[in-house]
Amino acid sequence: MPEIKVTPLGAGQDVGRSCILVSIAGKNVMLDCGMHMGYNDDRRFPDFSYITQNGRLTDFLDCVIISHFHLDHCGALPYFSEMVGYDGPIYMTHPTKAICPILLEDYRKITVDKKGETNFFTSQMIKDCMKKVVAVHLHQTVQVDEELEIKAYYAGHVLGAAMFQIKVGCESVVYTGDYNMTPDRHLGAAWIDKCRPDLLISESTYATTIRDSKRCRERDFLKKVHETVERGGKVLIPVFALGRAQELCILLETFWERMNLKAPIYFSTGLTEKANHYYKLFITWTNQKIRKTFVQRNMFEFKHIKAFDRAFADNPGPMVVFATPGMLHAGQSLQIFRKWAGNEKNMVIMPGYCVQGTVGHKILSGQRKLEMEGRQILEVKMQVEYMSFSAHADAKGIMQLIRQAEPRNVLLVHGEAKKMEFLKQKIEQEFHVSCYMPANGETTTILTNPCIPVDISLGLLKRETAIGPLPDAKKPKLMHGTLLMKDNSFRLVSPEQALKELGLAEHQLRFTCRVHIQDPRKEHETVLRVYNHLKGILKDYSVQHLPDGSITVESILIQATAHSEDQGTKVLLVSWTYQDEELGSYLTSLLKKGLPQST
Amino acid sequence: YRDLHTFELQAPTRLIEWARGSRVYVAGYGQSDGNEILQLIPPPTLLTKETQGLCPERDFKVECGGFSERPVYSLKYVPDTSLLVTSGPPDSSLQVWQVSAEDSDIIKSVSPIATENGTGQSWAKIATISARAPWVLHGSRLDRVQITEVESRKNVYKAASGGSEELSSLAFLDCNTLLLCCATGRLCLADIRQPQSLVEAVSVPSVPCSEQWCMGTRHGAQGLEPSSQPVARLSSRGLLTLTDLRKTSEFLALAKARVPSPGSGAEFLCISWAPALEGCLAISGFDGTVHVYDTQSWDSSGREAEPIFVHKGHAFGGAGGSGDPPLVTVHTWHLQKPRTLLSAASDGSLHVWDWVQPCGKC
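Residues numbered from 1 in each chain as written. Chains lettered and ligands numbered in written order. Predicted model: local features only at pLDDT ≥ 70, side-chain atom pairs only at ≥ 80, totals over all residues. Heavy atoms only, no water.

As annotated in an unreviewed UniProt entry, chain B carries the name WDR73 protein and comes from Struthidea cinerea.

The name given to chain A in an unreviewed UniProt entry is Integrator complex subunit 11, with Eulacestoma nigropectus as the source organism. In its Cofactor (unreviewed entry) section, UniProt records this for chain A: "Zn(2+)". Per UniProt, chain A carries the Sequence similarities (unreviewed entry) text "Belongs to the metallo-beta-lactamase superfamily. RNA-metabolizing metallo-beta-lactamase-like family. INTS11 subfamily." (UniProt positions renumbered as here; feature names shortened; annotations may be inferred.)

Take a look at the structure:
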């Protein structure tokens, strides 16, 4: 049976780094190449030795696909392509290709400069890696080679995130990456057509979560910001260049407008231009509403949000500032943080996950005395809050996606095995498909039932449709033909044509049966008796007595001879061809019953 | 509001039950099979006494789940065991479930507790206690009330027949005393040591049109006699009565809630006492709101009472406009936080809310 093999090298049963190896119809594809943000040593990279033992990566892998720019999906890419060694194509969407190198470089800076790591990729490696990238558009079928093709679908989640369909012949796999089934302010919801893949690989990080409604989160976020600003404090929101920042900007802008607030909101320099530039570039990637309003008014040109200048941080009075980088590990956000940390009226709101070792991580863990450069101790009196706006699919969303795509099998990654049992049963019960949850390094084999297209000769088709009942769309019709496998093609032809093409002669099968009859008279008298008997019974058949002493019933031949040892017994030889099997068997059993007494 | 969190369940629930370890149970009541029983871990914000603002974990987590073939109308956790008992149409038998959170996240079905099913019986109302042994008190009608030991399935008690009215709820007042409330409003006390007798409490004011009643009992603070806590009854027309079980001949208080009339049926009538707030109770089931009342100002006049808070969230939630407005199916109080309630509605929403007391009492 043909099969699809899936081996997670990361994200098997943990949240951390996503890296999945798929083997489909002889092709090998790597899905995502993420970095585990929690580890400082080699555990942060997926275990590539699993594949390298098969030889050179470039020869083994047909392509690599990256779903989106989050580091737990692309963080190990430069390491993989430049340090382990891979020169084949790397596919990702245009926004991902544009944003990935920025994040990778940012991350490289923290790891090498701040933490002094040596076994890490360099800036040049990032550049070389990106040269191998082939950018794809949504819903564009990309031919990787003659047999392998891929197609990207919209996944929501972050700008440029995509779900990928990988197809070889009739077998296909869909990999979701991270996705979101509910639209938010600046991105739409994931969507896929009824592509009926053999396998759907879905993330299940939030499968066991029942999320607090977005409105409540936003309301609480705005409440906090408002309270701080009302009492004259300053709010610092460290953000990545792209992603949630836009969402929060739109949120604040709307709120400021509605409440007629006067406190200034700043977006740090460089950030505005870059972000707006990318969003404008990829406007087709945002949700419907934004695209529509973009024409009238640029959603990303805000009335209340202005560009930030370093000097503003010292201005008295309330303000809100969005600054990079997101984990407070360097740059402008850290500078501002240092200025404002000592005042308890101020607040810092961390909008996402922070890597260990960064200031962001430290303050979220509760540290209030931080050691800065030059042994300076910074006392953090400002309020520290955390707000997670990340968009992942919950159990309901996963079920929705499965309903949309109609896969034959489902494989879950990114969750904890014990806690996924319930979801597994739920999926199996509702959709009657098998659901798998492999651990890292564990290979799951899924048997597929591909359809093999066969050409049928017109002559055969005409002949077969003519006999039997009329074709009915609801009932399968049984046809007889010969399957010829020649020159990499399958054809269904009539037996005669098959014989002709293969240069074979048709064989004739003939059966002969001996029936013993007690009859002491001469042979020709026995034959006469048999003839009369048969003529009497088989009125609808042509029974003939031939001059040479044999009887024919249709095309079946009956001859009588005397038994060699016993003159009282006659042996009737009944012989027929394969085509006359039924009649032949009938005749034989009839004759075995014996002849009637009358002559 | 001091706090409001809204969640959306995949399927609406008509029960919210607290269990050990601060777990919450909800279950589906749809007609088709595939109803899920979910054991949820509330977000940390809900478990701590002080309310934090922006906490990283604000979500409910599904810890375990099970699949029920029949709609689940009632669920009770059996104390000191890892068993659950549920009931629901089409008959009055009970389903028993095993929870084993460490090994797997599936709630497994264990063999059911069958009951004799006479004609015209609906689903059984249940209550559990683990005094001498884990027991479940169940019955769909007044003459079919019994206590079954959950593990051995032995029948421990059968109540004397006091009529064949349908029950709307029942409860253990202590390990020997039962309180039964019929849909007609009749309230009966039974002592399991005296199976033949049933003591009746004062009847509710009878009205020409038939209305349905349900009751709420209070599990008071430690040390207080359970029977010293008044029992509240709520009718589908909005009448509220308070009865002191030591003086069953008269009402403690009578009031009327301001509810839309005619009521939309008594399917989801729910009344409950606040465990941490003296004299406060909440009612729901008339529309998309939950009312909170302070009964300390009530008397026996039966006039309209003013709620101290009305939660309207369910009426505004969801897509809006499509189909019927959501109906609150059930509500329950947080066991420690005095002004926090959880409520669920027919559109699958689950709200956790905490109101601000206007200056003055509480």
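On we go.
This part covers the overall build of chain B. A count of helical and extended segments in chain B gives two helices and 28 strands. Out of the 362 residues belonging to chain B, those deemed buried represent 59%. Taking the intrachain contacts of chain B between residues at least 6 apart in sequence as the baseline, contacts between residues at least 24 apart amount to 52%. (Helix = DSSP H or I, 4+ residues; strand = E, 2+ residues; numbered from the N terminus. Buried < 20%, exposed > 50% of the residue type's maximum accessible area, 1.4 Å probe, protein only. Contact = heavy atoms within 4.5 Å.)

For the rest of this paragraph, the subject is the interface of chain A and chain B. Contact residues are listed per partner, giving 29 residues for chain A and 28 residues for chain B. For the pair chain A and chain B, the summed buried surface comes to about 2600 Å²; carbon and sulfur atoms form 51% of the total. Applying the counting rule to chain A against chain B returns four salt bridges. Residue Asp59 of chain B pairs with Arg217 of chain A through a salt bridge whose shortest N-O separation is 2.5 Å. (Buried area = accessible area lost by both parts, 1.4 Å probe. Salt bridge = Lys/Arg side-chain N within 4 Å of Asp/Glu carboxyl O.)

Attention shifts here to the sheet that holds strand E18 (residues 213–216) of chain B. Residues and elements named next belong to chain B. Read from one edge to the other, the open sheet built from four strands follows the order E18-E19-E20-E21, with strand pairing classed as antiparallel. On the outer flanks of this sheet lie E18 and strand E21 (253–256), each paired with one strand and no other. Averaged over all pairs of adjacent strands, the angle between their axes in this sheet comes to 20 degrees, without regard to strand direction. As paired elements, strand E19 (residues 231–235) and strand E20 (residues 239–243) share four bridges and run antiparallel to each other. Counterpart to Leu234 in the pairing with E20 is Leu240. (Pairing = 2+ DSSP bridges. Axes fitted to C-alpha atoms, helices over the stretch in contact; angles between N-to-C directions.)

Let us now look at the packing of aromatic side chains. The full count for this structure, using the stated rule, is 19 aromatic pairs over all chains. Judged by centre distance (4.7 Å) and plane angle (80 degrees), the rings of Phe7 of chain B and Phe60 of chain B are edge-to-face. Placement of Phe7 of chain B in strand E1 (residues 3–8) and of Phe60 of chain B in strand E5 (residues 60–68) is noted, with a sequence separation of 53 residues between them. Taken individually, Phe7 of chain B and Phe60 of chain B each receive the classification buried, so the pair is uniform in this respect. Members of the aromatic cluster, each reached through a chain of ring pairs, are Phe45, Phe48, Tyr79, Phe80, Tyr86, Phe120 and Phe121 of chain A. For the cation-ring pair, Lys125 of chain B lies above Trp123 of chain B, with the distance from its terminal atom to the ring centre recorded as 4.0 Å. (Phe/Tyr/Trp six-rings, centres within 6.5 Å; stacked < 30°, edge-to-face > 60°. Lys NZ or Arg CZ within 6 Å of the ring centre and 35° of its normal.)

Another point: the nonpolar core. Within the largest apolar cluster, 95 residues are counted, with the highest numbers of intra-cluster contacts made by Met30, Phe80, Ile201 and Ile427 of chain A. Those residues within four positions of Ile201 of chain A in sequence are excluded, and the remaining contacts are Val6, Ile20, Val22, Leu31, Val173, Val174, Tyr175, Thr176, Leu411 and Val413 of chain A. (Core = buried A, V, L, I, M, F, W, Y, C linked by side-chain atoms within 4.5 Å.)

A few words on the packing of helix H4 (residues 77–85) of chain A against helix H6 (residues 123–131) of chain A. Residue and element names in this part refer to chain A. At their nearest, the axes of H4 and H6 sit 9 Å apart, and the two run at 90 degrees to each other. With respect to H6, the element H4 is oriented roughly perpendicular. Two secondary-structure elements touch here, H4 through Leu77, Pro78, Ser81, Glu82 and Met83 and H6 through Met125, Ile126, Asp128 and Cys129. Across the contact of H4 with H6, the residue classes break down as six nonpolar, one polar and two charged. (Parallel < 35°, antiparallel > 145°, perpendicular 65-115°, else oblique. Nonpolar A, V, L, I, M, F, W, Y, C, P; charged D, E, K, R; others polar.)

The next subject is helix H17 (residues 523–537) of chain A. All names here are of chain A. Between its terminal C-alpha atoms H17 stretches 21 Å, which fits the 21 Å expected from 15 residues at 1.5 Å a residue. Considered for burial, the residues of H17 that qualify are Thr526, Val527, Arg529, Val530, Tyr531, His533 and Leu534. In the core, the buried residues of H17 are packed alongside strand E28 (543–545), strand E29 (551–553), strand E30 (556–562), strand E31 (569–577) and helix H18 (581–592). (Expected span 1.5 Å × (residues − 1).)

What follows is about the sheet that holds strand E27 (residues 510–518) of chain A. Residues and elements named next belong to chain A. As summarised here, the arrangement of the five strands in space is E27-E31-E30-E29-E28, forming an open sheet in which the pairing is antiparallel. The open sheet has two free edges, formed respectively by E27 and E28, since each of these has just one partner strand. Within the sheet, the average angular offset between the axes of one strand and its neighbour, ignoring direction, is 20 degrees. Here E28 pairs with E29 via three bridges, running antiparallel. Residue pairing for E29: Val543 is matched across the bridge by Val553. Taken strand by strand, H17 contacts E28, E29, E30 and E31, and its axis lies near 160 degrees from that of E28. The sheet strands contacting H18 are E27, E29, E30 and E31, and the helix crosses E31 at an angle near 170 degrees.

What follows covers the packing of H17 of chain A against H18 of chain A. All names here are of chain A. Where H17 contacts H18, the axes come no closer than 12 Å and their chain directions differ by 120 degrees. Compared by their axis directions, H17 and H18 come out oblique. As H17 runs across H18, the sense of the crossing is right-handed. Contacts from Val530, His533, Leu534 and Ile537 of H17 reach H18 at Tyr586, Leu587, Leu590 and Leu591. Here the contact of H17 with H18 is built from residues that sort into seven nonpolar, one polar and no charged. (Left-handed = near helix turned anticlockwise from the far one by under 90°.)

Next up on the list: the side chain of Ser81 of chain A. Residues and elements named next belong to chain A. With respect to the element layout, Ser81 can be found in helix H4. Overall, the relative accessible area of 3% leaves Ser81 in the buried class. Beyond its immediate sequence surroundings of up to four residues, Ser81 is in contact with Tyr86, Cys129 and Lys132.

All names here are of chain A. Of note, Asp198 is situated in the loop between strand E10 (171–175) and strand E11 (199–203). Engagement of the side chain of Asp198 in a polar contact is seen with the side chain of Arg408, the distance being 2.6 Å. The contact partners of Asp198, leaving out residues within four places of it in the chain, are Ile4, Cys170, Glu171, Ser172, Arg408, Asn409 and Thr448. (Polar contact = N/O pair within 3.5 Å; in protein donor to acceptor, adjacent residues only side chain to side chain.)

Across all of its chains, the model carries 31 salt bridges over all chains by this definition. Salt-bridge contacts for Lys339 of chain A lead to Asp314 of chain A; the nearest nitrogen and oxygen are separated by 3.4 Å. With a gap of 25 residues between them, Lys339 of chain A in helix H11 (residues 331–340) and Asp314 of chain A in the loop between strand E15 (305–307) and strand E16 (319–323) connect regions that are remote in the sequence. Owing to a relative accessible area of 45%, Lys339 of chain A belongs among the partly exposed residues under this scheme. In this structure, Glu36 of chain B engages Lys426 of chain A in a salt bridge whose closest nitrogen and oxygen atoms are separated by 2.9 Å. Of this pair, Glu36 of chain B sits in strand E4 (residues 35–41) while Lys426 of chain A sits in helix H14 (residues 417–431), placing the two residues on different chains. Relative accessible area serves as the criterion here: at 7%, Lys426 of chain A is assigned to the buried category. One salt-bridge network, held together by shared partners, links Lys27, Asp145 and Glu147 of chain A.

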